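Here are the chains, one letter per residue:
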Amino acid sequence: MSHSRTLALSAVVIAPTPVVRRGLTAILSDAGWHVVDDVGDIDAGPSVAVWELPAAATPADISGMLSELDGTPLLVLVAAATPDVLGALVSAGARGAVDRDIEEMALVQAARAVADGRTVVNAGARTDAAGSRPPTLTRRESQVLALLCAGRTNHEIAEALVISDNTVKNHVRRLYEKLQVRSRTEAVVRAARWGLVRIDGVDALAGTPAPAGPG
C-alpha cells in the first residue's frame, strides 16, 4: 500500500516519550506532512506509522502493533540500534527500522521511502563495516535477494523462479559473498541500506515466476 502516490503524505506518531513525540511531529510537520497521534484521525489511513520502540519490546509487540495499524507501513525508531537488531525488526514485519539518533533529513527520507513501499534500515553512526558502494548484482541475483528478504525459503525461491534448489543455494552463497554477510538477517540489513530491495517489488515478483533461464 502506498498512500503517497494519491494523497498528501500523512503520518501517525506513536511515542511514549513526550519530547520524542513532539520532536517527531515537528520534524515531519516541517517537511509538509500531516501528523496525528491517532490512526483514526486520518480518514484514508496514514501513509506511515512512526513508532518509538519501547526498550522492552518483543517481536510479539511488533505483530500486535502491525495488527492495530491494519496495513499501514511501520517505521520503528530504536535507541542504540545495531544492524542485527534492526534486521530482526524488519524480519518481524516492520517496513523500516532506524536508530533514534538518525539525522532529521534522513528520518524524513526514511518515512517517505517506507510510505512508498521500500524497506529502510539505518543504524546511523553504528553502521557495520561494509563498504559504502553496493555490489553489482545480476538480474537473477536481484530476484533471489528480493525473495530472500521477503522471508522465502530456498525451496520457495526455487519454485517462484523455476530453478533448482541447488541453483538457489549457489545464488545465495554468491550473494553472501557480494554483500559481505553470513546470515539472512545481515543480508536484509545490508540490502536495505544499499537500496537493493523494495517491498512492493518483492510482492510483484513473488506472484509472477520469472521465465526459466540461466542461473
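Anyway, here's the lowdown on the structure attached to this text.

Conventions we followed
Residue numbers restart at each chain and count upward from 1, following the sequence in its written direction. Local features are withheld for residues below a pLDDT of 70 in this predicted model, meaning they are given only at 70 or higher, and side-chain atom pairs are given and counted only at 80 or more; totals for whole chains, interfaces and linings count all residues. Hydrogens and waters are ignored; side-chain quantities use all the structure's heavy atoms. As used in this record, nonpolar core signifies buried Ala, Val, Leu, Ile, Met, Phe, Trp, Tyr and Cys residues forming a set joined through side-chain atoms within 4.5 Å. Accessibility here uses a 1.4 Å probe with only protein chains present; expressed as a share of the type maximum, an area under 20% marks a residue as buried, one over 50% as exposed, and anything in between as partly exposed. Numbered from the N terminus, helices here are DSSP runs of H or I no shorter than four residues, and strands are runs of E no shorter than two. We call two residues contacting when some pair of their heavy atoms lies within 4.5 Å. Only one rule defines a salt bridge in this text: a Lys or Arg side-chain nitrogen within 4 Å of an Asp or Glu carboxyl oxygen.

Considerations on the nonpolar core
Then comes step 1: The biggest cluster of nonpolar side chains holds 41 residues, and the ones touching the most others in it are Leu 74 and Val 76.
Then comes step 2: Only strand S3 (48-52), helix H2 (59-69), strand S4 (74-78), helix H3 (83-91), helix H5 (139-149), helix H6 (154-161), helix H7 (165-179) and helix H8 (184-193) provide two or more residues apiece to this core.
Then comes step 3: Ignoring sequence-local partners within four residues, the contact set of Val 76 consists of Trp 51, Leu 53, Ile 62, Leu 89, Ala 94, Gly 96, Ala 97 and Val 98.
Then comes step 4: Of all hydrophobic cores here, the second largest spans 24 residues; its members include Ile 27, Leu 28, Leu 107 and Val 120.

Thoughts on the pattern of salt bridges
Then comes step 1: Per the stated rule, a full pass over the model turns up four salt bridges.
Then comes step 2: As a salt-bridge pair, Glu 52 and Arg 100 come within 2.9 Å of each other at their nearest N and O atoms. On the criterion of sequence distance, the pair formed by Glu 52 in strand S3 and Arg 100 in the loop between strand S5 (96-99) and helix H4 (104-115) is long-range, its members being 48 residues apart.
Then comes step 3: When its relative accessible area of 38% is taken as the criterion, Arg 100 is described as partly exposed.
Then comes step 4: Between Arg 173 and Glu 177 there is a salt bridge, with its nearest N and O atoms 3.5 Å apart. With Arg 173 and Glu 177 both in helix H7 and four residues apart, this pair spans about one turn of that helix.
Then comes step 5: When its relative accessible area of 42% is taken as the criterion, Arg 173 is described as partly exposed.
Then comes step 6: The class of Glu 177 is exposed, set by a relative accessible area of 53%.
Then comes step 7: The network of salt bridges with common partners includes Glu 141, Arg 174 and Lys 178.

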